[in-house]
Amino acid sequence: MVIAAPASGNGKTTVATGLMAALRASGLDVSGHKVGPDYIDPSYHALATGRPGRNLDPYLQAEERVVPLFLHGAAGADIAVVEGVMGLFDGALGSEGFASTAHVARLIDAPVVLVVDASAAGRSAAAMVHGFASYDPDVTLAGVILNKVGSERHETELRSAIEGLGIPVLGALHRTEGIHAPSRHLGLVPVGEREREATTMLDRLRAWVTEGVDLDAVRRVAAAAPPLLGVPWEPGAALGVAGTAGGPVVAAAGGRAFTFRYAENIELLTAAGVAVVDVDPAVDERLPDGCAGLYFGGGFPEMHADDLSANESLRAEVAGAAARGLPVVAECAGLTYLCRELDGLPMAGVLDATAAMTPKRTLGYRTARAVGDSVLASAGDTVTGHEFHRTVVTPAQGRQAAWRFHGRHEGTVEGFVTGPTGVHASYLHIHWAGHPALASRFAASATAAVRAQRASTA
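For the structure given in this document, a descriptive report is provided here. Residue numbers here run from 1 along each chain, matching the order of that chain's written sequence. Given that this is a predicted model, residues contribute local features only at a pLDDT of at least 70 and side-chain atom pairs are listed and counted only at 80 or more, while totals for whole chains, interfaces and linings are drawn from all residues. Based on all heavy atoms of the structure, the side-chain values leave hydrogens and waters out of the count.

## Quick look at the overall build of the protein
Now for step 1: Strands are runs of DSSP state E lasting at least 2 residues, helices are runs of H or I lasting at least 4, and numbering of each runs from the N terminus. Along the backbone of the protein there are 15 helices and 21 strands.
Now for step 2: With C-alpha atoms as the basis for the radius of gyration, the globule rule is written as 2.2 Å multiplied by the number of residues raised to the power 0.38. Taking 23 Å as the expected radius of gyration for a compact globule of 458 residues, we find that the protein reaches 23 Å, a close match to that expectation.
Now for step 3: Each residue gets one of three labels from its accessible area relative to the maximum for its type: buried under 20%, exposed over 50%, partly exposed in between, using a 1.4 Å probe on protein chains only. Buried residues in the protein amount to 56% of all 458 residues.
Now for step 4: Across the protein, every contact between residues at least 6 apart in sequence was considered, and the portion connecting residues at least 24 apart equals 74%. Contacts were defined at the residue level, with two residues in contact if any of their heavy atoms lie within 4.5 Å.

Written as structure tokens, this is what we have:
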């Protein structure tokens, strides 16, 4: 089932995460999914379900991969809960709803439950629900969950108006001050930065949803979804050939500062034979033994710059690894960490650039073409990705840029490439399931680095 809303701010994440936790507590194996390019909400889904959070995005992954990726993520689960993005019909601007929640709901043929913030509405809420139910006949609006209900009388008024449309109200969640997830410049604070507090909040969410939502009715809505035909996505099959165990070791940045990465990216590297080892750049002093490559995903290094800068030992190790020619792939937060400094604090110094926070938020889908050969792509390769940051790197590109954008941002070049066997650093986030050749090329670069290391010591 898909949890949607008329617009952002109606409580999709709160309700979806609480619903996942409540269904799991009832004895079901629950898989959580998020529509769109989001790393933070899936971290709460993972906490609620005990399974990796997954993303479904026709723009990043291509329409034909959405069903296989959904089946892969939901394998073995009793019920799958898909949290939408923005309003139900809101997709990429100018695309007539492409990559919207409704688009994904149609692709996976799933019923939609609309979360409605009723704090400032009475019977008028029914008129809005009626509009959403009738706007697209190919989207099945199977029920409504009312959020921020003020009183029992308020709930009765809302229920009578909406159920008069023939649309069931599956639950009514009354206003509460005890449930709040802190936010900052890019949305909610990720679970990885506040796991203890997030666990406490999740317990409250679970109890709140269990009390206010008819879980049996929710299960009946999900059970009414028709059988979904398709073959589950498999990372080995996506690569065309699976690697063997005992392959190169790649250090993947993790910890509180680096919480943004897609599960499928790691699964693809593993299928390619790479041994992925997590490293916390704020805490760990050394890279893993035999390290043959580094993968820095996204996150919030600007919030942990003091700790990252203070860890001089790892900064030196990263700089040394890059200087020796080990393949390095860095996205967004990883890009800022590789700079000389971030907000005036020393970083790894791999790139001759500085990074700083800015009041402007950069957010949106991008289509990009590789400017030249690198450890991640061949010159001319085209990818789809997204930007999501409030930092700026100066200069914006190196002697060789990583990507040239097309479409609305036609001609913009950005990122840093230090040759075909060195560093690839960019603000662009890419879901590698949509472009598995990137994982293959990076894994091959790490394998080549191992061979070079062995040859140099022979």
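## Things to note about unusual backbone geometry
Now for step 1: The residue after Thr394, namely Pro395, is reached through a cis peptide bond having omega -5°.
Now for step 2: Here Pro395 is to be found in the loop between strand E17 (382-394) and strand E18 (403-406).
Now for step 3: Within the chain, Glu96 stands out as a residue other than glycine whose phi angle is a positive 60°.
Now for step 4: The residue Glu96 is located in the loop between strand E4 (79-83) and helix H5 (101-107) in this model.
Now for step 5: Classification of Glu96 by relative accessible area gives exposed; the value is 84%.

## A closer look at the environment of Ala379
Now for step 1: The residue Ala379 is located in the loop between strand E16 (354-370) and E17 in this model.
Now for step 2: Assessed through its relative accessible area of 45%, Ala379 is described here as partly exposed.
Now for step 3: Sequence separation between Ala379 and Gly11 is 368 residues; the distance between their C-alpha atoms is 43 Å.
Now for step 4: The residues touching Ala379, leaving out its near neighbours within four places in the chain, are Ala370, Val371, Gly372 and Asp373.

## Focus on helix H4 (residues 63-73)
Now for step 1: Burial runs high along H4: eight of the 11 residues are buried.
Now for step 2: Within H4, burial applies to Val66, Val67, Pro68, Leu69, Phe70, Leu71, His72 and Gly73.

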